[in-house]
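Chain residues, written in single-letter form:
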Amino acid sequence: MELFRLGISEALHLLDKGEISSRDILDSVFSRIEALDDRVGAFISLARDQAYDRMEYLKVSEERGLLSGIPLAIKDNICIKGIETTCASKMLKGFIPPYESSVTERLLQDGYILLGKTNLDEFAMGSSTENSGCFVTHNPWDLDRVPGGSSGGSAAAVAADECLGALGSDTGGSIRQPAAFCGVVGFKPTYGRVSRYGLVAFASSLDQIGPITKNVRDAALLLNVISGHDPRDSTSVSLEVPDFTAGLDREIRGLKIGVPKEYFIEGLDPEVEQGIKDAIGVLERLGAEIVEVSLPHTGYAVATYYILATSEASSNLARFDGVKYGFRADGKDLIDMYMETRAQGFGPEVKRRIMLGTYALSAGYYDAYYKKAQQVRTLIKLDFEEAFKKVDVIVTPTTPTAAFRIGDKVSDPLQMYLSDIFTISINLAGVPALSSPCGYTSEGLPVGLQVIGKHFDEETVLRVSHAYEQSTDWHTKRPGL
Ligand code: GLN
């Protein structure tokens, strides 16, 4: 058996029965990475020695957790104590966090093994992983195409079976869009469900960490481990965390599923549209009632997001000045050192965003841009609240097209920004949404179905996505690498 093919739940089952050991899994996954990763480019760094040490430690320790012996990949904007965290930026080269993020601390308590850190668009700003300051990650389904972004390394690693599952982060689509492009499951939880402590901040009111996995059950399992209140993140909520795997097998008969007309627009690729329509047909056959809904402010989402996200980024990234973290350039005095460090340390997209955000926040423009965008954000959130009075979940395409070619959109930031048109509103509203595979284009590229839920109702999102997954076989397909 090719153990690297396993998902988390299957692996746990086999480990439990004693049919395989966690050393077998590690051997298999590391040999897979060795064989493939110079072509895929999913990992920025590997933690091979630490992984084997940890496996040996777990063997003799009494500790048993939900993920005992399971190797995972972590996006390189999540801090792990003692391991370089770069955010794929020259700015953080050599930054070794002296502390552990809350999500990886929880994974450790549950017995996971870190495989390595995955590539991303620099500071999670981008939709293709081409903005990485390290290298470009390739889509395992077609190596000439992008894996999506910004969690492109995590999604590609899962799709290429270079790990059993991964964590990503999602500010405007960075878990779901790459999951859709790579034919895997990506889940952005409700804002506040998962602690952001130790996640390098991009736009703090939008950022959320979530799982990228081979199937819906695995996403539920990882969410069980990483969710819950954390005193170190005041925006994490103190709601009880349900067992997200418990309700997966409940049928969806009688559930009301909304389809927003604003998501079926010009620019939506006909093959993607067909994939979504077929998926809606499957949900209907499973007994769900399909209801047309309206999210009237959808057209403002991209503009609103690019004011708010860049404003927050301009503030969050002010801390990178050559003093406390990573890279430092020479300068003739302190101010000059700050300026040289930022000029040399940040890549072009990060600089563009810092400038846009600084502009939107500046005196004289604040009311016209930042304040207005906050008001529109509220309208977008109210759209969802209105729609959720009528339906239990909403389904949409995750992306308007399948994965595009490497290089196709790099010279046109607006085109790149538009590839998140269906994911961004969800972050502005703070609701949970999951992307799972729902078919392939004629060129063999995956298409993603997005299921959106009410605030803190991850359970229904998972239940609908799981019911859909189990009545199709898209999730069993693998790229022919
Ligand atoms: N692609 C979007 C952006 O560039 C979203 C990124 C993200 O979710 N981190 O901002």
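Given the structure is predicted, the values throughout are model-derived calculations rather than measurements.

A. Region of interest: the pattern of salt bridges. If you walk through the whole model with that rule in mind, you get 25 salt bridges. The shortest N-O distance in the salt bridge between E19 and K17 comes to 3.2 Å. The class for K17 is partly exposed, based on a relative accessible area of 48%. Across the pair E34 and R48 runs a salt bridge whose closest N-O atoms are separated by 3.0 Å. Of the two residues, E34 is situated in helix 2 (residues 22–40) and R48 in helix 3 (residues 48–60); the sequence distance between them amounts to 14 residues. Exposure remark for E34: the relative accessible area of 56% places this residue in the exposed category. Take R48: its relative accessible area is 33%, and that puts it in the partly exposed class.

B. Structural context of the packing of helix 9 (residues 301–316) against helix 11 (residues 348–361). Interhelical geometry of helix 9 versus helix 11 gives an angle of 100 degrees and a closest axis separation of 7 Å. On the basis of the axis angle, helix 9 is roughly perpendicular to helix 11. For the pair formed by helix 9 and helix 11, the contact residues are Y306, I307, T310, S311 and S314 on the first element and R353, I354, L356, G357, T358, A360 and L361 on the second. The class makeup of the residues in the contact of helix 9 with helix 11 is six nonpolar, five polar and one charged.

C. Just unusual backbone geometry, in detail. Here the residue pair G149 and S150 is connected by a cis peptide bond, since its omega of 10 degrees sits within 30 degrees of zero. Despite not being glycine, C87 shows a phi value in the positive range, around 50 degrees. Relative to the assigned elements, C87 resides in the loop between strand 2 (71–75) and helix 4 (102–109). A relative accessible area of 1% places C87 in the buried class.

So, how was this worked out
Residues numbered from 1 in each chain as written. Predicted model: local features only at pLDDT ≥ 70, side-chain atom pairs only at ≥ 80, totals over all residues. Heavy atoms only, no water. Salt bridge = Lys/Arg side-chain N within 4 Å of Asp/Glu carboxyl O. Buried < 20%, exposed > 50% of the residue type's maximum accessible area, 1.4 Å probe, protein only. Helix = DSSP H or I, 4+ residues; strand = E, 2+ residues; numbered from the N terminus. Axes fitted to C-alpha atoms, helices over the stretch in contact; angles between N-to-C directions. Parallel < 35°, antiparallel > 145°, perpendicular 65-115°, else oblique. Contact = heavy atoms within 4.5 Å. Nonpolar A, V, L, I, M, F, W, Y, C, P; charged D, E, K, R; others polar.

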